[in-house]
Amino acid sequence: MICAGYGGGPEILHGVTVHAEPGQVTTLVGPNGCGKSTLLKTMSRLLPPRSGAVHVGEVDVHALPPRRAARLVAVLPQQPTAPEGLLVGELVSRGRHPHQGRFRGPSARDRQSVERACEETGITGLIERDICELSGGQRQRVWLAMALAQDTPVLLLDEPTTFLDPAHAVAMLDLVRRQARAGKTVVMVLHDLNLAGQFSDTVVVMRDGRVIARGAPRRALTEAVLAEAYRLRADVWEDPVSQAPLIVPREPLG
């Protein structure tokens, strides 16, 4: 169980346990400030837990040197930043740094990984562009490409659909699901409950730093759980095609 917080501040996570499986997409949902991003930061080694451990297989990622941990876990943060003047291709190539020796240039495998990541995210035509010139949605796809180029067994994504229009959001999550089907363990944070229901194998619902529900989308995203998590009255129907839950918000609860 993970307990975590920032510096000497109050505890944000209160005994949270999450099991994410290879080949599946696990999605963290919940209201603002419930601890989703804090949990993802703890899982990604950006924030050390106050108690508990984060394991990939039998390995505690917080006990590893940074370079070795980066070969296991790649992360797309919520608000990534890049130095001015950096080209798209240069940023994506940085995803290969954990696999390179200190005095060795990029290998054929490095170049192939970068090329494949750019193709998968649809940014091949942008590789010579300055990142500062791109739209928010384009930047989001570039950052995802860097995470994919890192070629890790675990992929952590904090709001991967930020700045994306509906078509690109669906394309992004379809790509994320394909990464899982290829064998990766994918954990992501989403605010859009309908997208979470459609593209997740497991949904973890959080409230006030605790897990209040988990399971397949149809089991985790119920009217009762949404009322408890979000203080929201909502209707939940079943998509006749995908059988995923369709959530229609109605009104906040007092």
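Before reading further, recall that the structure is shown in the block above.
For clarity, every value in this text was computed on a predicted model and none was experimentally measured.

**Remarks on the pattern of salt bridges**
Alright, step 1. Tallying each qualifying case throughout the model produces 11 salt bridges.
Alright, step 2. For Glu251, the salt bridge goes to Arg233, with nearest N and O atoms at 3.2 Å. A residue pair is termed long-range when its members are at least 10 positions apart, and Glu251 in strand S12 (residues 245-252) and Arg233 in strand S11 (residues 232-238) qualify at 18 residues.
Alright, step 3. Connected via shared salt-bridge partners are Arg109, Asp151 and Lys184.

**Quick notes on the packing of helix H4 (residues 108-121) against helix H5 (residues 136-149)**
Alright, step 1. H5 packs onto H4 with a crossing angle of 140° between their chain directions and a minimal axis gap of 8 Å. Between H4 and H5, the angle is such that the two are oblique. H5 is crossed by H4, and the crossing has right-handed handedness. Residues Ser113, Val114, Ala117, Glu120 and Thr121 of H4 lie in contact with H5, whose contacting residues are Arg141, Leu144, Ala145, Leu148 and Ala149.
Alright, step 2. Here the residues of the contact of H4 with H5 sort into 6 nonpolar, 2 polar and 2 charged.

**Quick word on the pairing of strand S3 (residues 25-29)**
Alright, step 1. Burial within S3 is extensive, with 5 of its 5 residues counted as buried.
Alright, step 2. Two elements, S3 and strand S8 (residues 185-189), share 4 bridges in a ladder whose sense is parallel. The partner of Thr27 across the bridge, within S8, is Met188.
Alright, step 3. Judged from the 4 bridges that link them, S3 and strand S9 (residues 202-207) form a sheet pairing that is parallel. Within the sheet, the bridge partner assigned to Leu28 lies in S9 and is Val204.

**What to know about the side chain of Arg96**
Alright, step 1. Mapped onto the elements, Arg96 comes out in the loop between helix H3 (88-93) and H4.
Alright, step 2. Looking at Arg96, its side chain comes within polar contact range of the side chain of Asp110, at 2.8 Å.
Alright, step 3. Those residues in contact with Arg96, other than ones at most four positions away along the chain, are Arg109, Asp110, Ser113, Val114, Ala149, Gln150 and Asp151.

**Concerning the state of the cysteines**
Alright, step 1. Per the stated rule, a full pass over the model turns up 0 disulfides.
Alright, step 2. There is no disulfide at Cys3, and the cysteine sulfur nearest it, in Cys34, is 16 Å away.
Alright, step 3. Cys3 gets classed as buried once you look at its relative accessible area, which sits at 17%.
Alright, step 4. No disulfide involves Cys132; its sulfur sits 17 Å from that of Cys118, the nearest cysteine.

**Digging into helix H9 (residues 223-230)**
Alright, step 1. Within H9 the residues assigned to the buried category are Val225, Leu226 and Ala229. Down the axis of H9, the buried side of the element spans an arc of 100°, and every buried residue falls inside it.
Alright, step 2. Buried positions along H9 lie against helix H7 (193-199), S9, strand S10 (210-215), helix H8 (217-220), S11 and S12.
Alright, step 3. Within two residues after H9, Arg231 carries a phi angle of roughly 55°, on the positive side.

**Examining the packing of H5 against helix H6 (residues 166-181)**
Alright, step 1. One can describe the packing of H5 onto H6 by two numbers: an axis separation of 12 Å at closest approach and a directional angle of 5°. Judged by the inter-axis angle, H5 sits roughly parallel to H6. Between H5 and H6, the residues in contact are Gln140, Arg141, Leu144 and Leu148 and His168, Met172, Leu175 and Gln179, respectively.
Alright, step 2. A per-class count over the contact of H5 with H6 returns 4 nonpolar, 3 polar and 1 charged.

Parameters at a glance
Positions within a chain are numbered from 1, following the residues in the order the chain's sequence is written. For a predicted model such as this one, the threshold for reporting local features is a pLDDT of at least 70, and the threshold for listing and counting side-chain atom pairs is 80 or more; totals across whole chains, interfaces and linings nevertheless cover every residue. Just so you know, side-chain values use all the structure's heavy atoms and leave hydrogens and water out. Every case where a carboxyl oxygen of Asp or Glu lies within 4 Å of a side-chain nitrogen of Lys or Arg is listed as a salt bridge. Helix and strand definitions follow DSSP, with helices as H or I runs of at least four residues and strands as E runs of at least two, each counted in order from the N terminus. Simply put, an axis is a line fit to the C-alpha atoms, just over the touching stretch for a helix, and the angle between two N-to-C directions goes from 0 to 180 degrees. What sets the label is the angle itself: under 35 degrees gives roughly parallel, over 145 gives roughly antiparallel, 65 to 115 gives roughly perpendicular, and the rest give oblique. Crossing chirality is assigned from the near helix's rotation relative to the far helix, an anticlockwise turn below a right angle marking it left-handed and a clockwise turn marking it right-handed. Contacts were defined at the residue level, with two residues in contact if any of their heavy atoms lie within 4.5 Å. Following the grouping adopted for this structure description, the nonpolar residues are Ala, Val, Leu, Ile, Met, Phe, Trp, Tyr, Cys and Pro, the charged ones are Asp, Glu, Lys and Arg, and the polar ones are all others, Gly among them. Exposed residues in this analysis have more than 50% of their type's maximum accessible area, buried residues have under 20%, and partly exposed residues fall in between, with area computed by a 1.4 Å probe over protein chains only. DSSP calls a pair of strands paired once it identifies at least 2 bridges connecting them. Polar contacts, as counted here, are pairs of nitrogen or oxygen atoms within 3.5 Å of one another; within protein the pair requires one atom able to donate a hydrogen and one able to accept it, and residues that are adjacent in sequence qualify only if both atoms are side-chain atoms. Sulfur atoms of two cysteines make up a disulfide when they are within 2.5 Å. Here the arc refers to the set of directions running from the helix axis out to each C-beta atom.

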